[in-house]
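A structural walkthrough
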Amino acid sequence: MKNKSKTILKIILTALIVILCLYWALRDIDFELLWKSIVNANYWWALAPIPVMLASHWMRALRWKTMLKPITKSGPVWQLFEAVMIGYAVNNVIPRGGEFLRPYIFSRRAKVSFSSSFATIVVERFIDVLVLLMMFGGVSFFFREQIAMALPDMHVEKLLYPVIALIIFIMLCFYPPFVDFLLKNIVKRISEKLYDRASGIFAKFVTGLAIIKHPSLYFRLILESLGIWLLYTVPMWLMFYSFNFDTRFGMDFSDAILLTVLSGIAFSISPTPGAIGVFHVVVQNALVSIYGVDPAEGLAYATINHGINYFVQVIPGGIFFFMENIKSVPKSEQDVIQDAELIR
């Protein structure tokens, strides 16, 4: 009953966030211009990024193969790609649900420990956040004039300090004794429950680090991580041509990097499935405040961009999901472990 109440509460909160985001995005919108912007967009340019979007997911599967290399041969990249796409598809329906399902599918196929495969996902998330923060620090520095013009009350230089501090902290997380000291001497004194939860997450992180203990893999992981974010940026850039933002506002690839970083933050913090609503508000406001794009056009750009990306993930991921013959979607690590025991 308690779990059911928590599920209902999550659904209500998610629905409220989506409604608030829709209200924020649609306030003072010229609906006629919004419709015209969507209808008159150049869909050749809008659909052109689809192969690049798929390539970014393939690159994520390739990086995962590198992380799994020390514990198993992991099979063809194609099988990992299927698991990645299933995870994305589920994330677009159940927030974070795919984070458990992806390693579960792999561990079931490869006959390896779920804990080990899930540990690589934890480390993967740390790497993604680290790269995203470094990119955010970069765009905050190189776009400081545009940001200052759009947000005169925000001091970009002051914003960089906590970002740099957070980057250093995440890098120090790769040194386990440092985190163990913080957990025991600070977190545990604040809350025993929080300490237990944080210790559990960090234990998985340490397991993941132990797996990726070969220095020869580090350089490859860095290149593959940069490749993922590069492939995330290309669709943002190509979509500019769908709305003629390149000629009308002088937007180029560097501006696409800025939008990619902001949208990456939206996906990271959003509690809604597929960052619905949150992505639209973040991208629309960036286009309006930094580049002077009309709110209706900004929302049209965000809607088409998100919609195409959504279907690129859901359609192939959904097909792979049904091919995998998954009876139910695990919502926690405990669910996965119980399911795995039943299968064995």
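Each remark here, short or long, concerns the structure printed above.
Here the structure is a predicted model, which is why all the values come from computation and not from measurement.

1. So, the overall build of the protein
Looking only at helices and strands, the protein features 17 helices and 0 strands. Taking all 344 residues of the protein together, the buried fraction comes to 46%. As displayed, the protein has an accessible area near 18,300 Å², and 69% of this comes from carbon and sulfur atoms.

2. Here's the deal with the packing of helix 5 (residues 77–91) against helix 16 (residues 295–323)
Across the interface, helix 5 lies against helix 16 with an axial gap of 7 Å and an inter-helix angle of 115 degrees. Like other packed secondary-structure pairs, helix 5 and helix 16 cross with a definite hand, here left-handed. On helix 16, the residues that touch W78, F81, E82, M85, I86, Y88, A89 and V90 of helix 5 are V312, Q313, V314, P316, G317, G318, F320 and F321. Residues that form the contact of helix 5 with helix 16 fall into these classes: 12 nonpolar, 3 polar and 1 charged.

3. As for helix 16
For helix 16, built from 29 residues, the straight-helix expectation of 42 Å at 1.5 Å per residue is met to within 8% by its first-to-last C-alpha distance of 41 Å. Its side-chain oxygen 2.9 Å from the backbone nitrogen of A296, D294 forms the N-cap of helix 16. Just downstream of helix 16, N325 is the residue with a positive phi angle, here 60 degrees.

4. Concerning the side chain of Q284
Tracing the backbone shows Q284 in helix 15 (residues 278–291). Beyond its immediate sequence surroundings of up to four residues, Q284 is in contact with A25, I29, P295, G298 and L299.

5. A look at the packing of aromatic side chains
Applying the stated rule across the entire model yields 20 aromatic pairs. For the pair W64 and F106, a centre-to-centre distance of 5.6 Å together with 55 degrees between the ring planes defines the contact as tilted. Note that W64 is positioned in helix 4 (residues 50–68) and F106 in helix 6 (residues 97–110), a separation of 42 residues in sequence. With respect to class, W64 is no different from F106; both count as buried. Relative to F81, the ring of W78 lies with its centre 5.5 Å away and its plane at 35 degrees, an arrangement referred to as tilted. In this pair, W78 and F81 both sit in helix 5, 3 residues apart, roughly one turn of the helix.

6. Focus on the environment of F143
With respect to the secondary-structure elements, F143 resides in the loop between helix 7 (114–142) and helix 8 (144–150). Taking the C-alpha atoms as reference points, F143 and L258, 115 residues apart in sequence, are found 8.1 Å from one another.

7. Description of helix 5
For helix 5, which comprises 15 residues, the first-to-last C-alpha distance of 21 Å matches the rise-based estimate of 21 Å (1.5 Å per residue) to within 8%. A large share of helix 5 lies buried, amounting to 13 of its 15 residues.

8. Brief notes about the nonpolar core
Core analysis: the largest hydrophobic core is formed by 78 residues, its most contacted members being W64, F243, F245, L259, L287, Y291 and Y301. With 11 residues, the single largest contributor to this core is helix 7.

9. Looking at the packing of helix 15 against helix 16
For any two helices packed against each other, the geometry is given by the interaxial angle and the distance between the axes. The interhelical angle for the contact between helix 15 and helix 16, taken along N-to-C directions, is 135 degrees, at an axis separation of 8 Å. By the angle between their directions, the pair helix 15 and helix 16 is classed as oblique. Crossing of helix 15 against helix 16: the hand is right-handed. Between helix 15 and helix 16, the residues in contact are F279, H280, V283, Q284, L287 and V288 and P295, G298, L299, Y301, A302, T303, N305 and H306, respectively. Residues belonging to the contact of helix 15 with helix 16 are distributed by class as follows: 8 nonpolar, 6 polar and no charged.

10. So, the pattern of salt bridges
Tallied over the entire structure, the rule returns 15 salt bridges. Taking the shortest distance from any N to any O, the salt bridge between E124 and R102 comes out at 2.4 Å. Residue E124 is located in helix 7, and its partner R102 is located in helix 6; the two are separated by 22 residues in the primary sequence. Judged on exposure class, the residue E124 and its partner R102 are both buried.

11. Some details on the side chain of S270
As for its position among the elements, S270 is in the loop between helix 14 (253–269) and helix 15. One polar contact links S270 to T272, side chain to side chain, over a distance of 2.7 Å. For S270, the contacting residues outside a window of four places in its chain are R96, A275 and V278.

12. What about the environment of Y301?
You can see Y301 is positioned in helix 16. Owing to a relative accessible area of 0%, Y301 belongs among the buried residues under this scheme. Separated by 65 residues in the primary sequence, Y301 and M236 place their C-alpha atoms 9.5 Å from one another. Among all residues touching Y301, those that are not within four sequence positions of it are M236, M239, F240, F243, F245, L259, V283 and L287.

13. Things to note about unusual backbone geometry
Even without being a glycine, N244 presents a positive backbone phi close to 60 degrees. Mapped onto the fold, N244 is located in the loop between helix 12 (215–242) and helix 13 (245–248). The exposure class of N244 is partly exposed, given its relative accessible area of 41%. With phi around 55 degrees, A275 is a residue other than glycine that occupies positive phi space. By secondary structure assignment, the location of A275 is in the loop between helix 14 and helix 15. On the basis of relative accessible area, A275 is assigned to the buried category, the value being 2%.

Thresholds applied
- Residues numbered from 1 in each chain as written.
- Predicted model: local features only at pLDDT ≥ 70, side-chain atom pairs only at ≥ 80, totals over all residues.
- Heavy atoms only, no water.
- Helix = DSSP H or I, 4+ residues; strand = E, 2+ residues; numbered from the N terminus.
- Buried < 20%, exposed > 50% of the residue type's maximum accessible area, 1.4 Å probe, protein only.
- Areas by Shrake-Rupley, 256 points an atom, 1.4 Å probe, with all protein chains shown as cover.
- Axes fitted to C-alpha atoms, helices over the stretch in contact; angles between N-to-C directions.
- Left-handed = near helix turned anticlockwise from the far one by under 90°.
- Contact = heavy atoms within 4.5 Å.
- Nonpolar A, V, L, I, M, F, W, Y, C, P; charged D, E, K, R; others polar.
- Expected span 1.5 Å × (residues − 1).
- Polar contact = N/O pair within 3.5 Å; in protein donor to acceptor, adjacent residues only side chain to side chain.
- Phe/Tyr/Trp six-rings, centres within 6.5 Å; stacked < 30°, edge-to-face > 60°.
- Core = buried A, V, L, I, M, F, W, Y, C linked by side-chain atoms within 4.5 Å.
- Parallel < 35°, antiparallel > 145°, perpendicular 65-115°, else oblique.
- Salt bridge = Lys/Arg side-chain N within 4 Å of Asp/Glu carboxyl O.

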